[in-house]
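Remarks on the overall topology
The lines below spell out each chain.
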Amino acid sequence: MTTRLFASALFAGLIAGLIAVLLQWSLMEKLILEGEEYETGNKSHFAGVLVINDAEEETANIADPAAEPEAEENEGLFMRFALAFFADFVVFVGWSLMLVAGFAVAERFGHRISLQTAMLWGIAGFAATQLMTGIGLPPELPGTPADDVELRQIWWVTTAISSALAFALFAYGRTPLFVVIGLALLLAPHLIGAPRLDYYAGVAPPELSGEYVARSLAVGMIVWVVLGLAAGYFWNRGADTRTA
Amino acid sequence: MKTLNQTRTHATVDTGLLPILSAIAAGVFLIYFAGFAQAAQYHDSAHDTRHTLAFPCH
């Protein structure tokens, strides 16, 4: 049932991607751009006082009545959002392919994937890729200094895979031994520890970072639940049309 | 006869290993480019998405 696999993954991924775009647009972009104001030094917040450092740039704009830079800036922003939103679709079609492949594997072992089960798979996907990885590598507002990116990527991938395997063992393992192995897989990356700096050097206000992290996790949760439900729906729909 | 039919139905419900592995490979491929590739054009294009979804970024 190759068509069923790829078609349900694609449809579900596109729906989840669309939700991701809407949430990223409405909840995240403003905070990302605000974070960049601090990253580039346009704004600084030390001692509880907001300082805007781009006075010179403002005067330059006023002096030029053509206001060309602003139009260019808007065009740049449009392009930037368009690419980021395209990336949302790519990411969630990608996760969707892996999720539905997981459904297919579960069915080979004789486990039926209902809509409810599929939603739990989605939540597990969120937990593996954002909650468990977030313990060591929390979502970062642009401008947050962090350790070497390759080391962080390796830790992230390892943690996501071992957490996903752990959840699968908890859900489908037949003996207590599976639970023990699952726990070991879940804990190991955190016992090893994520690569991190031994100092703090963030330039953005902590309130902004806090808001950003909370929203990032909420967006991830919502989109993954939608992905799970949509994937489960199309997966079962494919099965129905085939048996009918 | 009935048993035979059921067995056949069951066999077609199961997805073959090759499609499963291809789907995983395609998924990994997409996630790699959107979430991990450090070449400037991938990084810059997906920058805001990587931050939103908490992929390790620059």
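Residues numbered from 1 in each chain as written. Chains lettered and ligands numbered in written order. Predicted model: local features only at pLDDT ≥ 70, side-chain atom pairs only at ≥ 80, totals over all residues. Heavy atoms only, no water.

1. Description of a nonpolar patch on the surface
Residues and elements named next belong to chain A. The criterion, for reference: A patch is a set of surface residues, each over 30% in relative accessible area and not in a salt bridge, joined within 9 Å for like charges and within 5 Å for the nonpolar side chains Val, Leu, Ile, Met, Phe, Trp and Tyr. Note on areas: Shrake-Rupley with a 1.4 Å probe; residue coverage comes only from the protein chains shown. A carboxyl oxygen of Asp or Glu within 4 Å of a side-chain nitrogen of Lys or Arg is what we treat as a salt bridge. Helix and strand definitions here come from DSSP, where helices need a minimum of 4 consecutive H or I residues and strands a minimum of 2 consecutive E residues; each element is numbered from the N-terminal end.
On the surface, a nonpolar cluster with roughly 330 Å² of combined accessible area is contributed by Leu115, Met119, Leu229 and Tyr233. Sorting the residues of the nonpolar patch by element identifies α4 (115-136) and α7 (206-243) as the ones contributing at least two each. Structurally, the position occupied by Leu115 is in helix α4.

2. Focus: the nonpolar core
Heads up, the rule is: In this description, a nonpolar core means a group of buried Ala, Val, Leu, Ile, Met, Phe, Trp, Tyr and Cys residues linked to one another through side-chain atoms lying within 4.5 Å. Note on exposure labels: buried denotes an accessible area under 20% of the residue type's maximum, exposed denotes more than 50%, and partly exposed covers the range between, all computed with a 1.4 Å probe on protein chains only. Any two residues having at least one pair of non-hydrogen atoms within 4.5 Å are treated as being in contact.
Counting 49 residues, the largest nonpolar core has Val91, Phe92, Trp95, Phe103 and Leu227 of chain A together with Phe55 of chain B as the members making the most contacts within it. Sorting the residues of this core by element identifies α1 (2-39), α3 (68-108), α4, α5 (149-172) and α7 of chain A together with α2 (17-36) of chain B as the ones contributing at least two each. When residues of this core are assigned to their parent elements, the largest contribution, 12 residues, is made by α3 of chain A. Beyond its immediate sequence surroundings of up to four residues, Phe55 of chain B is in contact with Val91, Trp95 and Trp156 of chain A together with Ile31, Gly35, Phe36 and Arg50 of chain B.

3. With respect to the interface of chain A and chain B
Rules: Two parts lose some accessible area (1.4 Å probe) when they are put together, and adding that loss for both gives the buried area.
Across the contact, 48 residues belong to chain A and 34 residues belong to chain B. Taken together, the two surfaces of chain A and chain B that pack against each other cover about 3400 Å², and 67% of this comes from carbon and sulfur. One can count 1 salt bridge joining chain A with chain B. Of the charged contacts, one joins Asp48 of chain B and Arg80 of chain A as a salt bridge, the two residues approaching to 2.7 Å between their closest N and O atoms. For the side of chain A that touches chain B, the secondary structure elements donating two or more residues are α1, α3, α5 and α7 of chain A. Element by element, the count of residues in the side of chain A that touches chain B is highest for α3 of chain A, at 20 residues.

4. Quick word on the environment of Ser114 of chain A
Under the convention used in this document: Whenever a nitrogen or oxygen atom comes within 3.5 Å of another N or O atom, the pair is scored as a polar contact, on the condition that within protein one atom can donate a hydrogen and the other can accept it, and that pairs from neighbouring residues in sequence are kept only if both atoms are in side chains.
Here Ser114 of chain A is to be found in the loop between α3 and α4. In this structure the side chain of Ser114 of chain A is engaged in a polar contact, spanning 2.6 Å, whose partner is the side chain of Thr117 of chain A.

5. Some remarks on the pattern of salt bridges
Residues and elements named next belong to chain A. According to the stated counting rule, one finds 6 salt bridges over all chains in the structure shown. For Arg4, the salt bridge goes to Glu107, with nearest N and O atoms at 3.5 Å. Separated by 103 residues along the polypeptide, Arg4 in helix α1 and Glu107 in helix α3 bring together distant segments of the chain. Take Arg4: its relative accessible area is 5%, and that puts it in the buried class.

6. Here we look at the side chain of Arg50 of chain B
Residues and elements named next belong to chain B. What counts, and what does not: Charge counting treats Lys and Arg as positive and Asp and Glu as negative, with His and both chain ends excluded.
Inspection of the secondary structure assignment puts Arg50 in helix α3 (residues 40-52). Notably, Arg50 is buried but unbridged: the nearest opposite-charge side chain belongs to Asp44, and the N-O separation is 8.0 Å. Only 3.5 Å separates the side chain of Arg50 from the backbone oxygen of Gly35, close enough to count as a polar contact. Within polar-contact distance, the side chain of Arg50 engages the backbone oxygen of Ala37 at 2.8 Å. Setting aside chain neighbours within four positions, we find Arg50 in contact with Phe33, Ala34, Gly35, Phe36, Ala37, Gln38, Tyr42, His43, Phe55 and Cys57.

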